[in-house]
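Structural characterization, general
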Amino acid sequence: MTLPTYELFAIKYAERLGVRRSENFLGGDPHDGPMPMDYFIWVARDGANVILIDTGFDAAMAKRRNRSFVREPHEGLALLGIKREDIKTIIITHMHNDHMGTFFDFPNAKLHIQDTEMAYATGRCMCHANLARPYEAEHVGEVVKLVFKNRVMFHDGEDKIAPGIDVHLIGGHSAGLQAVRVHTKRGWVILASDSVHYYENIETHRCFPVVYHVGQMAEGYDKLNRLAESPNHIVPGHDPLVMKRYPPPSEDLKGAIVRLDVDPIA
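Criteria and cut-off values
Residues numbered from 1 in each chain as written. Predicted model: local features only at pLDDT ≥ 70, side-chain atom pairs only at ≥ 80, totals over all residues. Heavy atoms only, no water. Disulfide = S-S within 2.5 Å. Buried < 20%, exposed > 50% of the residue type's maximum accessible area, 1.4 Å probe, protein only. Helix = DSSP H or I, 4+ residues; strand = E, 2+ residues; numbered from the N terminus. Polar contact = N/O pair within 3.5 Å; in protein donor to acceptor, adjacent residues only side chain to side chain. Contact = heavy atoms within 4.5 Å.

Overview of the state of the cysteines
Summed over the entire model, instances satisfying the criterion amount to 0 disulfides. Of all cysteine sulfurs, the one in Cys 125 lies closest to Cys 127, which takes part in no disulfide; the gap is 8.4 Å. Among the residues examined, Cys 127 registers a relative accessible area of 67% and is labelled exposed. Free cysteine Cys 207: the closest other cysteine sulfur is in Cys 125, separated by 18 Å. When its relative accessible area of 9% is taken as the criterion, Cys 207 is described as buried.

Considering the side chain of Asn 24
For Asn 24, the position within the fold is in the loop between strand E1 (7-16) and strand E2 (37-46). In terms of polar contacts, Asn 24 uses its side chain to reach the backbone carbonyl oxygen of Met 35, at 3.2 Å. For Asn 24, the side chain forms a polar contact with the side chain of Tyr 198, separated by 3.1 Å. Each residue touching Asn 24, except ones within four places of it in the same chain, is listed here: Val 19, Met 35, Met 37, Tyr 198, Asn 201, Cys 207, Phe 208 and Pro 209.

Shown next as structure tokens:
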């Protein structure tokens, strides 16, 4: 069977400035200095078939959590000519506020979530402030309501979402974090989401400090490397270098969107 070849895009919708290197590695970093963070959603497109990976947060949440807002995630989609009402499938890599915070903007979509993530986000671990902090109770509650409207599809580990798109349970950062593998013209590209925040996390095998299970996070780096055709086929979830290593779809979208289905330029 011939697999579809997807166009794959990263859309930047926010950033966090003033972050230090010591905040991005478990145990700190001896060479402390600036290490800002970008926020992305991702889109895989094969003709009329469009799959959205994560939904980001909105302007109100950016203000609440002191993030620098760039654009509403659905506005980023519009830059690619994609209407939010046309989105039928959304893969939620995990239920942190910055990865599922505007799911309500896509009324026709079903959400694809790992069993483990829903259990984690609604279970006893949310009684602990450090683990609950990245979640929003209102978001989680509304997604539970969507379960009863048949708008949530659950997955247990590795699974196929569509021909040429599959998910892989990684864990670590959250109990049910999943990476997404997409078939493109340059091969299979892995959207690591928060299983790899920065290139340097996986390159140096040093974990990000917002973590549910350190062992799972460390093992996740090895799993991603086994899944990937090369290190260049792994795309981290928050590294500003993504915007520098990949080209924009067009000059007018420079700084807003990059193509991940082509080889890195840097």
